[in-house]
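Summary of structural features
Each chain, letter by letter, is given below.
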2 protein chains.
Amino acid sequence: MDKMKKLVFGVDIGGTNTAFGLVDENGDIYAESVIPTKKYLSFDDYPAFVNDLCDGMKRLSESLSFEFQLLGIGIGAPNGNFHRGTIENPANLWKFSPAEPNPDESRRIFCLAEDIRKHFPGTLVLLTNDANAATIGEMVYGNAKGLDDFIMVTLGTGLGSGFVANGELVYGHDGFAGELGHVIVERHNGRKCGCGRSGCLETYVSATGIKRTAFELMARMTEPSELRDISFNDFDASMISAAAAKGDPVALECFRVTGEMLGRALADAVVITSPKAIFLFGGLAKAGKLLFEPTKWYMEENMLFVFKNKVEILPSGIEGKNAAILGSAALIWQKNRK
Amino acid sequence: MDKMKKLVFGVDIGGTNTAFGLVDENGDIYAESVIPTKKYLSFDDYPAFVNDLCDGMKRLSESLSFEFQLLGIGIGAPNGNFHRGTIENPANLWKFSPAEPNPDESRRIFCLAEDIRKHFPGTLVLLTNDANAATIGEMVYGNAKGLDDFIMVTLGTGLGSGFVANGELVYGHDGFAGELGHVIVERHNGRKCGCGRSGCLETYVSATGIKRTAFELMARMTEPSELRDISFNDFDASMISAAAAKGDPVALECFRVTGEMLGRALADAVVITSPKAIFLFGGLAKAGKLLFEPTKWYMEENMLFVFKNKVEILPSGIEGKNAAILGSAALIWQKNRK
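Residues numbered from 1 in each chain as written. Chains lettered and ligands numbered in written order. Predicted model: local features only at pLDDT ≥ 70, side-chain atom pairs only at ≥ 80, totals over all residues. Heavy atoms only, no water.

1. Details of the confidence of the model for chain A
Of all residues in chain A, 99% attain a pLDDT of 70 or more, and the chain-wide mean is 94. For this predicted complex, the interface score ipTM comes out at 0.91, while the overall pTM is 0.92. (pLDDT = per-residue confidence, 0-100.)

2. Some points on the interface of chain A and chain B
Each side of the interface is counted separately: chain A has 39 residues, and chain B has 39 residues. If you sort the residues of chain A by the area they bury against chain B, His-173, Arg-187 and Ile-272 of chain A come out on top, with a joint share of 20%. Linking chain A to chain B there are four salt bridges. Across the pair Asp-174 of chain A and Lys-310 of chain B runs a salt bridge, and its minimum N-O distance is 2.9 Å. For the pair chain A and chain B, the interface holds 24 residue pairs in polar contact (both at pLDDT 80 or more). For the side of chain A that touches chain B, the secondary-structure elements that each account for two or more residues are strand 10 (159–165), strand 11 (168–169) and helix 6 (249–273) of chain A. Residue contributions to the side of chain A that touches chain B peak at five residues, all from helix 6 of chain A. Across the side of chain A that touches chain B, the residue classes break down as 19 nonpolar, nine polar and 11 charged. (Contact = heavy atoms within 4.5 Å. Buried area = accessible area lost by both parts, 1.4 Å probe. Salt bridge = Lys/Arg side-chain N within 4 Å of Asp/Glu carboxyl O. Polar contact = N/O pair within 3.5 Å; in protein donor to acceptor, adjacent residues only side chain to side chain. Helix = DSSP H or I, 4+ residues; strand = E, 2+ residues; numbered from the N terminus. Nonpolar A, V, L, I, M, F, W, Y, C, P; charged D, E, K, R; others polar.)

3. Here we look at the sheet that holds strand 3 (residues 29–35) of chain A
Residues and elements named next belong to chain A. Taken together, five strands build an open sheet; the order of strands is 3-2-1-4-8 and the sheet is mixed. At either margin of the open sheet sits one strand with a lone partner, and together these are strand 3 and strand 8 (125–129). Each adjacent strand pair in this sheet contributes to an overall mean axis angle of 20°, direction not counted. As paired elements, strand 1 (residues 5–13) and strand 2 (residues 18–23) share six bridges and run antiparallel to each other. The residue of strand 2 that forms the bridge with Ile-13 is Thr-18. The strands touched by helix 1 (residues 46–63) are strand 1, strand 2, strand 3 and strand 4 (68–77); relative to strand 2, the strand with the most contacts, the crossing angle is about 30°. Of the strands in this sheet, strand 1, strand 4 and strand 8 are in contact with helix 2 (residues 112–119), which crosses strand 8 at around 150°. (Pairing = 2+ DSSP bridges. Axes fitted to C-alpha atoms, helices over the stretch in contact; angles between N-to-C directions.)

4. Focus: the relation of the copies chain A and chain B
For the match of chain A to chain B, the screw axis carries a shift of 0.0 Å, the RMSD comes to 0.0 Å, and the turn is 180°. What we have between these two chains is a two-fold relation. Scanning chain A for the C-alpha nearest the rotation axis identifies Ala-165 of chain A, at a separation of 3.9 Å. (Least-squares fit on C-alpha atoms with pLDDT ≥ 70 in both.)

5. Here we look at the environment of Phe-49 of chain A
Residue and element names in this part refer to chain A. Among the structural elements, Phe-49 can be located in helix 1. Each C-alpha atom of the pair Phe-49 and Lys-38 lies 9.9 Å from the other, and the pair is 11 residues apart in sequence. Those residues in contact with Phe-49 that sit more than four places away from it in its chain are Ile-13, Thr-18, Ile-35, Thr-37, Tyr-40 and Trp-94.

6. Comments concerning empty space enclosed by the protein
Within this structure, the stated rule accounts for one cavity of 30 Å³ or more. The computed volume of the largest cavity comes to approximately 390 Å³. If you trace the largest cavity, you find 25 residues lining it, with Ile-184 and Asp-268 of chain A together with Ile-184, Val-185 and Asp-268 of chain B closest to the centre. The element that contributes the greatest number of residues to the lining of the largest cavity is helix 6 (residues 249–273) of chain B, accounting for six residues. When the residues that make up the lining of the largest cavity are grouped by side-chain class, the tally is 15 nonpolar, two polar and eight charged. (1 Å grid on protein atoms, 1.4 Å probe; cavity = no way out; pocket = protein on both sides within 12 Å on 5 of 7 lines; lining within 4 Å. Points joined across faces, edges and corners; volume = space filled by probe spheres on them.)

7. Focus: the side chain of Glu-88 of chain B
Residue and element names in this part refer to chain B. Locating Glu-88 in the fold gives a position in strand 6 (residues 86–88). Side-chain polar atoms of Glu-88 contact the side chain of Thr-86, separated by 2.7 Å. Not counting the four nearest positions on each side in its chain, Glu-88 is found in contact with Asn-79, Asn-81, Arg-108, Ile-109 and Phe-176.

8. Thoughts on helix 7 (residues 289–301) of chain B
Residues and elements named next belong to chain B. Taking 1.5 Å of rise per residue, 13 residues should cover 18 Å, and helix 7 covers 17 Å from first to last C-alpha, within 8% of that figure. For helix 7, the set of buried residues is Leu-291, Phe-292, Pro-294, Thr-295, Tyr-298, Met-299 and Glu-300. Check the buried side of helix 7 and you find it contacts strand 9 (150–155), helix 6, strand 12 (277–281) and strand 13 (312–315). (Expected span 1.5 Å × (residues − 1). Buried < 20%, exposed > 50% of the residue type's maximum accessible area, 1.4 Å probe, protein only.)

9. Considerations on the sheet that holds strand 7 (residues 109–110) of chain B
With antiparallel pairing, the three strands of this open sheet are ordered in space as 5-6-7 (chain B). Across the chains shown, the open sheet's two edge strands, defined by having one partner strand only, are strand 5 (80–81) and strand 7 of chain B.

10. Some words on the packing of aromatic side chains
Applying the stated criterion across every chain yields a total of 29 aromatic pairs over all chains. Look at Phe-43 of chain A and Phe-110 of chain A: their rings are 5.8 Å apart centre to centre, the planes differ by 50°, and that puts the pair in the tilted class. In this pair, Phe-43 of chain A sits in the loop between strand 3 and helix 1 while Phe-110 of chain A sits in strand 7 (residues 109–110), placing the two residues 67 residues apart along the sequence. The exposure classification of Phe-43 of chain A matches that of Phe-110 of chain A, with both residues buried. Taking the centre distance of 4.8 Å and the plane angle of 65° together, the rings of Phe-215 of chain B and Phe-232 of chain B count as edge-to-face. (Phe/Tyr/Trp six-rings, centres within 6.5 Å; stacked < 30°, edge-to-face > 60°.)

11. Some points on the nonpolar core
In terms of nonpolar packing, the biggest core is built from 115 residues, with Leu-180 of chain A together with Leu-180 of chain B touching the most fellow members. In contact with Leu-180 of chain B, not counting residues within four places along its chain, are Ile-272 of chain A together with Val-153, Leu-159, Ser-161, Phe-163, Leu-201, Leu-266 and Ala-269 of chain B. (Core = buried A, V, L, I, M, F, W, Y, C linked by side-chain atoms within 4.5 Å.)

Quick look at the structure:
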């Protein structure tokens, strides 16, 4: 038993697909698979989703040619609550049908950790939101090894984050801490946010945010730009990186503005937790120095003097297609080390 | 030895006075005294300050009619660094004389914990900034007992803060975390701050901040106000509370504006650490509901939906003349419990 290989499941629930894999302590993935989350769109599809996910995990376990000990199942999901093991009112998962009269949002709290435990009795099941899972992945497998104080910023459709202080992820009293994307950075005519308010950081700094910036700049600037040939609905944030790489003035200004908004917000976050480093993860971060340089410049420009030139902005060390599975798996490995 | 009373020294270094007292685990103060910090104004006076403080502490120990075991010395000081036990470039302590050519600020790092330990060999000496000391005082003696996630806001001449997450104070990697007073809340024509930047929270929310607001409002409003009879130099924040209690329209508007600025900033802080409660401490907090009501209202108005109506704003439980000594003493008691 002692020499049996120890593995954990990492499960990443996304709006389109749910990916899961068997991961060892070094971050090697022994097997992985996927089920289409978007097939289970409505509130009533949730039990079938749990069944199919657990069946999938069991089949994946059986597919391995050796016996192993399953230490636990770690799950990253939008609106995941670590303390309760629940997914609470997710915007894009298991929604009420439009026909349902007076849908009660308090029913849209899904006890996923508990429901999965029923299929894997006695197994440790931990769940957190996707950005927190990525943060723990960075601690266990990535560039934050050995750091007790850092911030992780995940740049996708929105902006997620995880704060680590004194070597521990800050979950907060209700399990929802780390929502840097919803710090309000513009009080005057701020952009409408999906959260119902205006001026949130993620309306400026995210794949969606930089796209909105591109359209604002096409209106404000007069310079020609290849971006002017693309309609809003055909537009994708990656087109801005591609154009910027060719020196397109509107695209370059997009990155300067995005770096300014992010750099300012990071300077404000630094005064609260004083991190050693800030890691940028996800699609926009792949733009490299196009994003990192203005972000660093504006962060320093806005930094309180005691923190100046002390905080590094670095790329994530778990970037790549398996980052989300690794992050979720790391939840279990981190717990196991304590 | 086992039955000998255990006491710690709490030392609060302020710009005017340094107060110190012998405190037991319940927060009872057995003896206290003070030396005038302002007598030791210049850089060269620092060694004499250390000697006189330590002499004062020894005399106070000898004044007790019973023997006790000294568990440690806890110190709260402006710009105190917990990790290093230093006071670094304090604005109002041990300054270079104006005559000194090319003063080197890197010399103004005072190793106070180490220097005091020389006078009390083998004694645990811990130092942190005054707001962090008050935060730990709130955990050990005040209203935050048993809370793992909360924020303490200290309202004095400036605005200090302490963030507690997972039951531990967030010091950050360099020991300077928790500077909520230097989050930038106004990017357009923000008020000049002592830190060299503009628009910091403490330029609006503090004794100095509300005084600045009063003068701005006297310019903007036309209503009569008793505050209009007082010059800027004769003005004190407590006059605004007194006038507001009598229904003075300018004074009432001062508190509404102050609550708006603080409430917004707290809503942004909540998304980062998700505290169970926020404690307000210090002079301005004594204005009671004049400050608490608009602060709570604007915090909720600006709150991300997942945190709405979950976070309490409460008065500190260690308010009073000994709060600073208790906070510093709590540094040692908290360490001792672990």
